[in-house]
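# Survey of secondary and tertiary structure
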Amino acid sequence: MERELGRLAALIKASNRIVFFTGAGISTESGIPDFRSPGGLWEKNQPIEFSDFLASEEMRRESWRRKFAMDSVMSAAEPNAGHLAITELYRRGQVSKVVTQNIDGLQQLAGVDEKDVIELHGNTTFAKCLDCGDRMSLKQVKAVFAVNETLPECGRCGGIVKTATISFGQPMPVRELQEAEKEAVACDLMIVAGSSLVVYPAADIPLIAREAGAELVIINREPTPLDPVASLTIRGEIGKSLSAVTKP
Ligand code: NAD
Ligand code: ZN
């Protein structure tokens, strides 16, 4: 492990433009369970597909029930050593963007400017109308839902309101995806932290970086499909690994 961390420190030092690609694994140390680890979210509930959410009021109710059940975990979560190490490199001017599959907003809370976090799967800290995009706060939705599980409606156009996240089967946000691809091509080092790299098209981003000539580092507890093409893989905890190499 010492040797790998030394190599990571050298790659970071040699880089002028780092892009981080983060997944659910970077937030487990903040107490938010990931999808695929034992005890993760998928063992409890199959995710609700976008088409089912649209098709059935009962599915929409179930989706809000789950959301509010998870909400205490989400709103209590604080950035951890991994998020803070990324912020430290960002403040030193070495990180251009953080591309994330996460929806928890913790990297922004850790101090990376909102405009420099590219959220590929949206954000769960607020809700949005599916038709006109108007925002609604979770507090507002909660108040509506508290009365006999009434489904929220858009105050502007009457459309269906959903958390601002991208569900399975829901189209990816085009602008974010294009921006992430552009960043992947332009960076000289991409560091993946805590993603199983199996959810597409998000998982293409590190591959695009590699093919465009960037160094690729993967920090993950488990093997990923991109390990064979990586410059370096670190099979360890993210918080420990990143803070070990970013200490001043
Ligand atoms: P994933 O659950 O598929 O993979 C997470 C990976 O991180 C796993 O391979 C696991 O071994 C590893 N990991 C977990 N904790 C770690 C740690 N402390 N150190 C090192 N490795 C660790 O997650 P994914 O690839 O991001 O895909 C799941 C999808 O679920 C995402 O697209 C995201 O939208 C959503 N999701 C988001 C959150 C969040 O916002 N925090 C949480 C759960 C799921
Ligand atoms: Zn609307």
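The numbering scheme is per chain: residues are counted from 1 as the chain's sequence reads. Throughout, the order in which chains and ligands are written sets their labels, letters from A for the former and numbers from 1 for the latter. Side-chain atom pairs in this predicted model are given and counted only at pLDDT of 80 or more, local residue features only at pLDDT of at least 70, and totals for whole chains, interfaces and linings cover all residues.

In the annotation of an unreviewed UniProt entry, the entry for the chain reads protein acetyllysine N-acetyltransferase, and the organism field reads Sneathiella chinensis.

## Remarks on unusual backbone geometry
Cis rather than trans, the peptide bond between Tyr200 and Pro201 has omega equal to 5 degrees. Numbered from the N terminus, helices here are DSSP runs of H or I no shorter than four residues, and strands are runs of E no shorter than two. As for its placement among the helices and strands, Pro201 is situated in the loop between β7 (189-193) and α9 (204-211). Here Asn148, not a glycine, exhibits a phi torsion of approximately 50 degrees, which is positive. Along the chain, Asn148 falls in the loop between α7 (138-145) and β6 (161-165). Whether a residue is buried, exposed or partly exposed is read from the other C-beta atoms within 10 Å of its own C-beta, which are placed from the backbone; 20 or more gives buried, 12 or fewer gives exposed, and intermediate counts give partly exposed. Owing to 6 C-beta atoms within 10 Å, Asn148 belongs among the exposed residues under this scheme. Phi at Leu197 takes a positive value of approximately 55 degrees, unusual for a residue other than glycine. In this structure, Leu197 sits in the loop between β7 and α9. Using a count of 22 C-beta atoms within 10 Å as the deciding quantity, one classes Leu197 as buried.

## Details of the site of ligand 1
By definition, a residue lies near a molecule or strand provided its backbone-derived C-beta atom is within 6 Å of it. In the region of ligand 1, 27 residues are neighbours, and Gly23, Gly25, Asp34, Phe35 and Asn102 sit closest. In the scheme used here, Gly and all other residues not listed as nonpolar or charged are polar, with Ala, Val, Leu, Ile, Met, Phe, Trp, Tyr, Cys and Pro taken as nonpolar and Asp, Glu, Lys and Arg as charged. A class-by-class count of the residues in the shell around ligand 1 yields seven nonpolar, 13 polar and seven charged. The residue makeup of the shell around ligand 1 includes at least three contributed by each of domain 1 (1-31 + 79-121 + 172-248) and domain 2 (33-76 + 122-165). Residue ranges for the domains trace back to a domain assignment, done automatically or taken from a database.

## What about the sheet that holds strand β5 (residues 135-136)?
At least two bridges found by DSSP between two strands is the condition for calling them paired. The strand order β5-β4-β6 describes an open sheet built from three strands, whose pairing is antiparallel. With partners counted over all chains shown, the strands left at the sheet margins are β5 and β6, one partner each. Packed on one face of the sheet, α7 meets β4 (122-129), β5 and β6 and runs near 65 degrees to β4. A residue pair is marked as a contact if its C-beta atoms, positioned from the backbone, fall within 7 Å. To obtain each axis, a line is fitted to C-alpha atoms, and for helices this fit is confined to the stretch in contact; angles are then taken between N-to-C directions over 0 to 180 degrees.

## Notes on the sheet that holds strand β3 (residues 117-119)
One open sheet accounts for six strands, arranged β3-β2-β1-β7-β8-β9; its pairing is parallel. Here the strands that pair on one side only, and so sit at the sheet edges, are β3 and β9 (232-234). Taking each pair of neighbouring strands and ignoring which way they run, the sheet shows an average axis angle of 15 degrees. The sheet contact formed by β7 and strand β8 (residues 215-219) spans five bridges and is parallel. In the sheet register, Met190 faces β8, and the bridge partner there is Leu216.

## Regarding the pairing of strand β2 (residues 95-100)
Taken across its six residues, β2 has five buried, putting it largely inside the fold. Pairing between β2 and β3: three bridges, direction parallel. Within β3, the residue paired with Val98 across the bridge is Val117.

## Here we look at the domain arrangement of the chain
Per the domain assignment, the segments of the chain are domain 1 (1-31 + 79-121 + 172-248) and domain 2 (33-76 + 122-165). Once you take the C-alpha centre of each, domain 1 and domain 2 turn out to be 27 Å apart. Between domain 1 and domain 2, the contact holds 10 residues from the first and 11 residues from the second. Looking at the side of domain 1 that touches domain 2, its residues break down into two nonpolar, six polar and two charged.

## Some words on α9
Every buried residue of α9 is accounted for by Ile205, Pro206 and Ala209. Down the axis of α9, the sector holding all buried residues measures 100 degrees, keeping them to one side. Where α9 is buried, its residues touch β1 (18-22), β2, α8 (174-186), β7 and β8. Downstream of α9 by one or two residues, Gly213 has phi in the positive range, about 105 degrees. Here the arc refers to the directions that run from the helix axis out to each C-beta atom.

## Notes on the confidence of the model for the chain
Note: pLDDT gives the predictor's confidence per residue, expressed from 0 to 100. Chain-level pLDDT for the chain is 94 on average; 96% of the residues reach the 70-or-more range. Predicted complex, confidence summary: ipTM 0.91, pTM 0.92.

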